[in-house]
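# Report on the structure
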Amino acid sequence: LSEDFDFFDKAATVALIEGLVSRPINSLEEFIRWMKDQEEIFGALQEVAAIAEINFTCATGSKECEDQKDYFEQELMPAIAHLGDALNRRYFESPFRPQLDRNFWDLHDKSIEVDIRLFRQENIPLDAEIAKLSGEYQKLVGAMAVEWEGETKTFQQMAGYIDDPDPAVRERAWRLVNERRHAD
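Throughout what follows, the structure given in this document is the object of discussion. (Residues numbered from 1 in each chain as written. Predicted model: local features only at pLDDT ≥ 70, side-chain atom pairs only at ≥ 80, totals over all residues. Heavy atoms only, no water.)

Our next topic: the packing of helix H6 (residues 155–162) against helix H7 (residues 167–183). Each pair of packed helices gets described by two things: the angle between the helix axes and the distance between those axes. Their axes nearest at 8 Å, the elements H6 and H7 cross at an angle of 150 degrees. Judged by the angle between their axes, H6 and H7 are roughly antiparallel. Here Phe-155, Met-158, Tyr-161 and Ile-162 of H6 come into contact with H7, specifically with Val-169, Arg-170, Ala-173, Trp-174, Leu-176, Val-177, Arg-180 and Arg-181. (Axes fitted to C-alpha atoms, helices over the stretch in contact; angles between N-to-C directions. Helix = DSSP H or I, 4+ residues; strand = E, 2+ residues; numbered from the N terminus. Parallel < 35°, antiparallel > 145°, perpendicular 65-115°, else oblique. Contact = heavy atoms within 4.5 Å.)

Right, here's the structure in full:
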């Protein structure tokens, strides 16, 4: 995977993962290389998606950050979910998998087996909708703030006061946050 690969190019990303799904594997060495390539691609993809999520979390009012997060959740992930399932099935059905060190790979195999059993094509749009609703909730809550001792504080900043050893401080902070939450 080149360092400048653009995961925001959906067609290129889908083609890259389709290449993994269809790659010929004729030996244990090729199987291990295939697994390493898969790990590299999905690791880089998860990193870019996580950065988009963090940027959105830090700047819930930024349209650019929201669009990047939405791209991953609403466009790319639904477009590649079935490919992830195909990769899991290809791994699990490989004649080379039993040749791997069972002490190391057994737990991984159990996880893949569960993923295969749970995957349903009809859940892909539901997952995208859940992500969309979660983003809307995050945007609402991220924009909420309260006045505390002359300063504007986010709910995250108020968490320290809700955990304060002084019960009066805890109660005051809790009431303030909940009043704000119920105002919307």
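Picking up after the structure, the text goes on.
Within the structure shown, the criterion is met by 12 salt bridges. Salt-bridge contacts for Arg-172 lead to Glu-149; the nearest nitrogen and oxygen are separated by 3.3 Å. With Arg-172 in helix H7 and Glu-149 in the loop between strand E1 (145–148) and strand E2 (151–154), this pair connects stretches of sequence that are 23 residues apart. Classification of Arg-172 as partly exposed rests on a relative accessible area of 42%. Across the salt bridge formed by Glu-171 and Arg-175, the nearest N and O atoms sit 2.8 Å from each other. Within this pair, Glu-171 and its partner Arg-175 are both found in helix H7, separated by four residues, close to a single helical turn. (Salt bridge = Lys/Arg side-chain N within 4 Å of Asp/Glu carboxyl O. Buried < 20%, exposed > 50% of the residue type's maximum accessible area, 1.4 Å probe, protein only.)

We now examine the pairing of E2. Side-chain direction in a regular strand flips from residue to residue, so the side chains alternate between the two faces of the sheet. Relative to E2, E1 runs antiparallel, the two being bridged by four bridges. Following the sheet pairing, Glu-147 is matched in E2 by Thr-152. Counting the residues in the hairpin turn of E1 and E2 gives two residues, including Glu-149, whose phi is positive at 50 degrees. (Pairing = 2+ DSSP bridges.)

A word on the nonpolar core. Counting 27 residues, the largest nonpolar core has Phe-31, Trp-34, Phe-72, Ile-80 and Tyr-91 as its most contacted members. Contributions of two or more residues to this core are made by helix H1 (10–22), helix H2 (28–58), helix H3 (63–93) and helix H4 (102–118). Element by element, the count of residues in this core is highest for H2, at 10 residues. Among all residues touching Phe-72, those that are not within four sequence positions of it are Phe-7, Phe-8, Leu-45, Val-48, Ala-49, Ala-52, Met-77 and Pro-78. Among the nonpolar cores identified, the runner-up in size contains nine residues, and Met-144, Trp-148, Phe-155 and Ala-173 belong to it. (Core = buried A, V, L, I, M, F, W, Y, C linked by side-chain atoms within 4.5 Å.)

For the pair formed by Arg-172 and Pro-95, sequence separation is 77 residues and the distance between their alpha carbons is 63 Å. In this structure, Arg-172 is in contact with Trp-148 and Glu-149, ignoring residues within four places of it in sequence.

Moving on, we get to the packing of aromatic side chains. Per the stated rule, a full pass over the model turns up nine aromatic pairs. With centroids separated by 5.2 Å and ring planes inclined at 70 degrees, the aromatic side chains of Tyr-71 and Phe-72 adopt a geometry described as edge-to-face. Each member of the pair, Tyr-71 together with Phe-72, is buried. Between the aromatic rings of Trp-148 and Tyr-161, the centroid separation amounts to 4.7 Å while the plane-to-plane angle is 40 degrees, which identifies the pairing as tilted. Placement of the pair is Trp-148 in strand E1 and Tyr-161 in helix H6, with a sequence separation of 13 residues. On the basis of relative accessible area, Tyr-161 is assigned to the partly exposed category, the value being 23%. Across from the ring centre of Phe-92, 4.1 Å away, lies the NZ or CZ of Arg-97, which sits over that ring. The ring centre of Trp-148 lies 4.0 Å from the NZ or CZ of Arg-172, which sits over that ring. (Phe/Tyr/Trp six-rings, centres within 6.5 Å; stacked < 30°, edge-to-face > 60°. Lys NZ or Arg CZ within 6 Å of the ring centre and 35° of its normal.)

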